[in-house]
Amino acid sequence: MSATLITGITELITNDQPAPADPALIVSEGIVAWIGPAADAPPADSRIDADGTVLPAFVDSHSHLVFDGDRSAEFAARMTGRRYDGGGIATTVEATRSADDDRLRELVAARVAELRAQGTGVIEIKSGYGLNTPDEVRALRIAAEFTTETTFLGAHVVPAEYAGDRAGYLDLVRGPMLERAAPHARWIDVFCEPNSPHAFDGEESRAILTAGRDAGLELRVHGNQLGPGPGVRLAVELGAASVDHCTFLDDADVDALAGSSTVATLLPGVEFSTRSPYPDARRLLDAGVTIALATDCNPGTCYSTSMPFMIAMAVREMGLTPTEALWAATRGGALALRRDDLGRIRVGDPAYLTVLDAPNHLHLAYRPGVPLARPLL
Ligand SMILES: N=CN[C@@H](CCC(=O)O)C(=O)O
Ligand SMILES: [Zn+2]
């Protein structure tokens, strides 16, 4: 067994026990084996001088990394006033279906390398740009090469070939497509958005989610992104682990979340890239809701892999302190994935550790856009 001692930690964020003065860590075989004052550290085989702030790696609980194609022109049009309504997803579906497996795998690998280099440890990856059975299954197979947190999103939008037959597509998604996809997924998700003509209303979403649950999948929901809607309350009612976006909430939505085990996952990169109002994270926290921050990395509403960027926006635009935003991007993400072993530094947990080239964690929001975060090991 080989043990590595980590010293030179200017600040240690554990999201667990308070850190000692002049903290040090020992990691052995990928597990946190010891935390204590550097002066008391037991012998180790090697040593790393962190020379900065050490924190749990970010947990990015919402991404759509399996795609091909480019929608930068759609982004540019939005910056001059065009609204987002989900219609551009069809462009990505076409490009993704046309890509061969090796190309898709390379694209995902490059995006995963990009996010890891910025301090993300574990990521969730959704399907949703195949929208037929073989392409959805392929997306999940490729996603599973990079994470165990794979999500079946056949109910992203109704694809063009079913434009006149929504009911037919719903039957496909909750029938044969689900049956083939379920062995490759942990989660099922739905774009519940009555404000988009392409996505699904409350009853359609309920039908998809309950079928997924019956097939053994756990639930997550895209809800209340483009306007008020039933997504948040449906997610809470069905016991979903997370409802994501939460941009347009009324008091009943906030009350429902506050009394529940459903995490509200906020995706400020989407509001940035669609020129929308940011969700009110302060209101949610003050009501006692558990919140997470994630990138939602996708070609339409947010092509960013950067959790530090999400933290900076949450602080500047959404009313969180830097400490709260960091917690939401680490432990919050872990809870949104119902992973008790992630998002904190604790003896016995996997050693997903990030180091900041900065004296303390406030620099994550204080120095936006600066590449401070990287994997420690
Ligand atoms: N809103 C639904 N799905 C993605 C966007 C997908 C796209 O536009 O390609 C999201 O989470 O924002
Ligand atoms: Zn999404």
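Residues numbered from 1 in each chain as written. Chains lettered and ligands numbered in written order. Predicted model: local features only at pLDDT ≥ 70, side-chain atom pairs only at ≥ 80, totals over all residues.

A.B. asks: How should I be thinking about the UniProt feature "domain: Amidohydrolase-related" (unreviewed entry) in the chain in this particular structure?
C.D. replies: UniProt tags residues 53–358 as "domain: Amidohydrolase-related" (unreviewed entry). Span residues 53–358 is 42% helix and 15% strand, its end C-alpha atoms 6 Å apart. (UniProt positions renumbered as here; feature names shortened; annotations may be inferred. Helix = DSSP H or I, 4+ residues; strand = E, 2+ residues; numbered from the N terminus.)

A.B. asks: Is there a simple way to think about the domain arrangement of the chain in this case?
C.D. replies: Interfaces are often sized by the accessible area lost when the parts come together. When its domains are assigned, the chain resolves into domain 1 (3–56 + 344–376) and domain 2 (58–337). One C-alpha centre belongs to domain 1, the other to domain 2; they are set 30 Å apart. The interface of domain 1 with domain 2 comprises 17 residues on the first partner and 20 residues on the second. Of all elements in the fold, only β4 (46–56), α13 (363–366) and β15 (373–375) reach the threshold of two or more residues within the side of domain 1 that touches domain 2. Sort the elements by how many residues they give to the side of domain 1 that touches domain 2 and β15 lands first, with 3 residues. (Domains from an automatic or database assignment. Contact = placed C-beta atoms within 7 Å.)

A.B. asks: Please clarify how the site of ligand 1 should be interpreted in this entry.
C.D. replies: Neighbouring ligand 1 are 14 residues; Ile89, Phe191, Asn298, Gly300 and Thr301 lie closest to it. Split by residue class, the shell around ligand 1 holds 4 nonpolar, 9 polar and 1 charged. (Near = placed C-beta within 6 Å. Nonpolar A, V, L, I, M, F, W, Y, C, P; charged D, E, K, R; others polar.)

A.B. asks: I tried to follow the sheet that holds strand β12 (residues 263–266) on my own but got confused; where do I start?
C.D. replies: One key point about sheets: their strands pair by backbone hydrogen bonds, in either a parallel or an antiparallel sense. A sheet is described by the order of its strands in space; here 7 strands give the open sequence β7-β8-β9-β10-β11-β12-β13, paired in parallel fashion. On the outer flanks of this sheet lie β7 (125–126) and β13 (291–293), each paired with one strand and no other. Relative to strand β8 (residues 150–155), β7 runs parallel, the two being bridged by 2 bridges. Looking across to β8, one finds that Ile125 is bridged to Thr150. Contacts from helix α6 (residues 202–214) reach β8, β9 (187–192) and β10 (218–223) within the one sheet, and its direction differs from that of β9 by about 175°. (Pairing = 2+ DSSP bridges. Axes fitted to C-alpha atoms, helices over the stretch in contact; angles between N-to-C directions.)

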